[in-house]
Amino acid sequence: MMSNFYTSDAGDMRNAATLQTLYKISEEDIQYIRGLGEFMLPQMDHMVHTWYEWLMTQPEYEQFFADSRALHHAQKMQHIYWEQFIEAQLDDNYVESRRKIGETHARIGLSMTIFFAGMSIFHDLFSKIMAQRNLKLKEQVRTIDAVSKLLHLDTGIVCEVYTIMSNETITAQSRSLMEMSTPVTQIWENILLLPVVGIVDSKRAQDIMNAVLSAINRTQSRIFILDISGVAVVDTAVANHLIKITKATRLMGCESTISGISPAIAQTMIELGIDVGTIKTTANMMDALNDSFRSLNLQIHKVER
Amino acid sequence: MGYSTKIMDYPKSIWIVIHREADITRSIFESQRMAQSLGFDHGRAQMIATAVSELARNIIKYAQKGKIIITPLNERRRSGIEIICQDTGPGIPNVDQAMEDYFSSSGTLGLGLPGVKRMMDEFEITSIVNQGTKVIIRKWL
Ligand SMILES: Nc1ncnc2c1ncn2[C@@H]1O[C@H](COP(=O)(O)OP(=O)(O)OP(=O)(O)O)[C@@H](O)[C@H]1O
Ligand SMILES: [Mg+2]
């Protein structure tokens with residue numbers, strides 16, 4: 001019973017039974033909530049309607065429900081939601097349905113503030129409707145307590161999924177930013193250039209390796225300049241990747257130069273004790289380019305006009 | 001092992017759970033950002049971030065998961081940054097050996113731990129086999 005949106009390991013994915021224990025929802029609580037059915041179900045229309053009157057006073061209403069079809073759909077979903085709530089069948093399907101709601105809210109960008117406020121308004125409506133019932137005070141208090149617990153459980157799940165989804169968006173964004181930037185370019189006959197920006201993790205290193213080796217194969221270039229001035233950190237793992245890349249290009253007859261060794265990177269590499277061996281390095285890309293022209297017996301002249 | 005780090009003890013800390021490669025990225029950015037906001041220059045902030053990256057990688061590589069706590073230090077006469085990296089992984093049987101240059105149980109460079117020690121002002125490591133490893137590093141402004 002797993003749909004793919006929350007298979008992520010980024011959040012809390014406790015199952016129904018564990019959550020029920022966590023929120024201390026007893027069988028008695030469940031009976032109290034179910035006991036509401038008879039009284040509450042006929043009032044459901046009224047409750048949802050009153051809730052939407054509240055929502056209408058909020059800017060979100062215009063934003064999300066300007067279209068009457070969307071409004072109608074949301075109201076229908078809300079009916080189902082509260083029916084499930086009163087049935088209080090606390091199994092994994094129940095938890096799943098709450099996660100779906102969290103996913104929906106995150107997707108449309110409804111704020112947590114309005115969600116929490118909305119749940120609080122519902123809680124209030126519950127209490128008001130309960131008060132119309134001729135129950136002993138103790139019964140009434142116990143029912144409201146039970147409702148509160150389940151409402152909190154619901155809210156917690158929605159909040160968790162919301163967080164996971166936001167985290168995943170951030171991860172995906174930074175990943176796509178990193179992936180955008182492995183364009184190996186032939187900047188001159190025989191010369192390839194790749195400026196690397198950001199984080200070099202193992203996947204990125206593999207991407208760079210593949211991109212460079214296939215570019216060498218395609219262009220028969222003899223020099224590869226790998227500019228790392230935009231790399232966030234050069235630790236032993238990154239250094240190891242860079243060394244491997246240069247070794248691989250050399251096997252294909254293409255000498256690599258690592259350019260853009262800033263003073264900070266140089267010092268870090270010294271402290272780490274990384275030995276770059278025979279790999280050519282330069283402070284900036286221009287030096288690397290000049291060296292490349294020299295070794296290819298090329299000269300750049302200024303033309304008199 | 002006394003690994004019970006309480007959140008109350010570190011009111012201004014950033015806690016990062018490390019269990020996948022993306023968390024390393026986050027620990028790099030957060031430590032670099034905090035170092036720079038404390039007044040470390042670009043080069044020294046990068047060194048701190050590199051040390052954190054190194055320790056975070058060790059967590060993923062040898063212990064699968066752990067956590068990193070980055071804390072600003074404000075003492076009366078000096079300020080700096082402290083980073084705690086702890087895991088409940090397999091531990092290191094011979095810490096002295098692990099601290100040597102070029103010692104690696106996994107065939108990589110083996111420069112991580114000794115390199116981190118060189119980059120930082122203070123370095124403490126405690127490790128118990130089958131219980132875990134805790135490294136505390138500090139750098140002063
Ligand atoms: N968190 C840890 N848990 C268990 N063992 C560890 C941990 N960190 C380091 N070690 C052990 O200490 C050794 C030395 O670590 P160090 O970081 O110096 O080198 P490395 O990780 O092997 O290689 P490099 O960091 O240069 O890529 C490791 O090979 C490993 O056996
Ligand atoms: Mg290491």
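Now for a description of the structure that goes with this document. Because the structure is a prediction, the values reported are computed rather than measured. In this convention, every chain numbers its residues from 1, walking through the sequence in written order. Chains and ligands are labelled sequentially in the order written, the chains with letters from A and the ligands with numbers from 1. Residue-level local features of this predicted model are given only where pLDDT is at least 70; pairs of side-chain atoms are given and counted only at 80 or more, and the full residue set underlies all totals for whole chains, interfaces and linings. Just so you know, side-chain values use all the structure's heavy atoms and leave hydrogens and water out.

1. Some remarks on the overall build of chain B
Here's step 1: For chain B, the count of helices and strands is four helices and five strands.
Here's step 2: Under the DSSP-based scheme used, a helix requires at least four consecutive residues in state H or I and a strand at least two consecutive residues in state E, with every element numbered from the N terminus. Seen in sequence order, chain B has helices and strands lined up from the N terminus as β-α-α-β-β-α-α-β-β.
Here's step 3: Only C-alpha atoms enter the radius of gyration, while the globule expectation follows 2.2 Å times N to the 0.38, with N the number of residues. Taken over the C-alpha trace, chain B has a radius of gyration of 14 Å; the compact-globule value for 141 residues is 14 Å, and the two agree within 12%.
Here's step 4: A principal-axis box enclosing the C-alpha atoms of chain B has dimensions of 40 × 30 × 30 Å.
Here's step 5: Residue exposure (1.4 Å probe, protein chains only): buried if accessible area is under 20% of the type maximum, exposed if over 50%, otherwise partly exposed. For chain B, the proportion of its 141 residues judged to be buried stands at 52%.
Here's step 6: About 6900 Å² of surface is accessible on chain B, with carbon and sulfur atoms providing 50% of the total.
Here's step 7: Positive: Lys, Arg. Negative: Asp, Glu. His and the chain ends are not part of the count. To locate a charge, take NZ of a lysine, CZ of an arginine, CG of an aspartate or CD of a glutamate. If the 18 positive side-chain charges of chain B are averaged to one point and the 15 negative ones to another, these points end up 5 Å apart. Using a 1.4 Å probe, accessible areas were evaluated by the Shrake-Rupley method; residue-level cover was limited to the displayed protein chains.

2. Observations concerning the interface of chain B and chain A
Here's step 1: Across the contact, 26 residues belong to chain B and 25 residues belong to chain A.
Here's step 2: Salt bridges are identified by distance alone: a Lys or Arg side-chain nitrogen within 4 Å of an Asp or Glu carboxyl oxygen. The tally of links between chain B and chain A comes to one salt bridge.
Here's step 3: With a shortest N-O distance of 2.6 Å, R57 of chain B and D235 of chain A are connected by a salt bridge.
Here's step 4: Polar contacts, as counted here, are pairs of nitrogen or oxygen atoms within 3.5 Å of one another; within protein the pair requires one atom able to donate a hydrogen and one able to accept it, and residues that are adjacent in sequence qualify only if both atoms are side-chain atoms. Here chain B is connected to chain A by seven residue pairs in polar contact (both at pLDDT 80 or more).
Here's step 5: Elements with a minimum of two residues in the side of chain B that touches chain A: helix 1 (21-38), helix 2 (42-63) and helix 4 (112-119) of chain B.
Here's step 6: Looking at which element gives the most residues to the side of chain B that touches chain A, the answer is helix 2 of chain B, with nine residues.
Here's step 7: Lys, Arg, Asp and Glu make up the charged group, whereas Ala, Val, Leu, Ile, Met, Phe, Trp, Tyr, Cys and Pro make up the nonpolar group; the residues left over, Gly among them, are polar. Looking at the side of chain B that touches chain A residue by residue, the class counts come to ten nonpolar, eleven polar and five charged. In this analysis, two residues are considered to be in contact whenever any of their non-hydrogen atoms come within 4.5 Å of each other.

3. Focus: the packing of helix 4 (residues 44-56) of chain A against helix 8 (residues 112-131) of chain A
Residues and elements named next belong to chain A.
Here's step 1: Helix axes use the C-alpha atoms of the stretch in contact, all axes being lines fitted to C-alpha atoms, and the angles between their N-to-C directions lie in the range 0 to 180 degrees. Across the interface, helix 4 lies against helix 8 with an axial gap of 10 Å and an inter-helix angle of 140 degrees. Considering the angle they form, helix 4 stands oblique to helix 8. Note on packing geometry: the crossing formed by helix 4 with helix 8 is right-handed. Two secondary-structure elements touch here, helix 4 through M47, T50, W51, W54 and L55 and helix 8 through I114, A117, G118, I121, F122, L125, F126 and I129. Note that the term roughly parallel is reserved for angles under 35 degrees, roughly antiparallel for angles over 145, roughly perpendicular for angles of 65 to 115, and oblique for everything else. Note on convention: near helix rotated counterclockwise from far helix by under a right angle means a left-handed crossing. Clockwise means right-handed.

4. Structural notes on the pairing of strand 4 (residues 122-128) of chain B
Residues and elements named next belong to chain B.
Here's step 1: In short, DSSP must find at least two bridges between two strands for them to pair. With seven bridges joining them, strand 4 and strand 5 (residues 132-140) adopt antiparallel strand pairing. Residue pairing across strands places S127 opposite T133, the latter belonging to strand 5.
Here's step 2: Here strand 4 folds back onto strand 5 in antiparallel fashion, the turn holding three residues, of which N130 has a positive phi close to 65 degrees.

5. As for the pairing of strand 1 (residues 185-188) of chain A
Residues and elements named next belong to chain A.
Here's step 1: One ladder, built from three bridges, connects strand 1 with strand 2 (residues 191-198); its direction is antiparallel. Within strand 2, the residue paired with W188 across the bridge is I191.
Here's step 2: Taken together, strand 1 and the strand that follows it, strand 2, pair antiparallel across an intervening segment of two residues, in which N190 is found at a positive phi of about 75 degrees.

6. Focus: helix 13 (residues 285-295) of chain A
All names here are of chain A.
Here's step 1: Of all the residues in helix 13, the buried ones are A288, S292 and F293. Looking straight down helix 13, one finds that the buried residues subtend no more than 135 degrees of arc, so they occupy a single side. Exposed and oriented more than 90 degrees from the buried face of helix 13 are M286 and R294.
Here's step 2: Contacts made by the buried residues of helix 13 are with strand 1, strand 2, strand 3 (223-231) and strand 4 (255-259). Each C-beta atom gives one direction from the helix axis, and the arc is the one those directions make.

7. Description of the nonpolar core
Here's step 1: The set of buried Ala, Val, Leu, Ile, Met, Phe, Trp, Tyr and Cys residues whose side-chain atoms join them within 4.5 Å is what this entry labels a nonpolar core. Core analysis: the biggest nonpolar cluster contains 65 residues, and I228 of chain A together with I68, I83 and I137 of chain B have the highest contact counts within it.
Here's step 2: By residue number, the principal contributor to this core is helix 2 of chain B, which donates nine residues.
Here's step 3: Formed by 48 residues, the second largest nonpolar core is a distinct cluster that contains I30, Y32, F122 and L151 of chain A.

8. Describing the site of ligand 1
All names here are of chain B.
Here's step 1: Nearness is judged by heavy atoms alone; a residue qualifies as near a molecule or strand once a single heavy atom is within 4 Å of it. Every one of the 21 residues lining ligand 1 counts as a neighbour, but Y62, S104, S105, G110 and L113 are closest to it.
Here's step 2: The separation between an oxygen atom of ligand 1 and a polar side-chain atom of E54 is 3.4 Å.
Here's step 3: In this structure, G112 approaches ligand 1 through a main-chain N or O atom, which is 3.3 Å from an oxygen atom.
Here's step 4: Alone, ligand 1 offers 590 Å² of accessible surface; in the complex the protein occludes 94% of this.
Here's step 5: Of all the secondary structure elements, the ones that give two or more residues to the shell around ligand 1 are helix 2 and helix 4.
Here's step 6: Here the shell around ligand 1 gets four residues from one element, more than from any other, and that element is helix 2.

9. Notes on the environment of E30 of chain B
All names here are of chain B.
Here's step 1: Structurally, the position occupied by E30 is in helix 1.
Here's step 2: In the structure, E30 is positioned 17 residues away from M47 in sequence and 13 Å away in space, judged by C-alpha atoms.
Here's step 3: Each residue touching E30, except ones within four places of it in the same chain, is listed here: I14, I16 and I70.
Here's step 4: A distance of 2.7 Å separates polar atoms of two side chains, one belonging to E30 and the other to R33.

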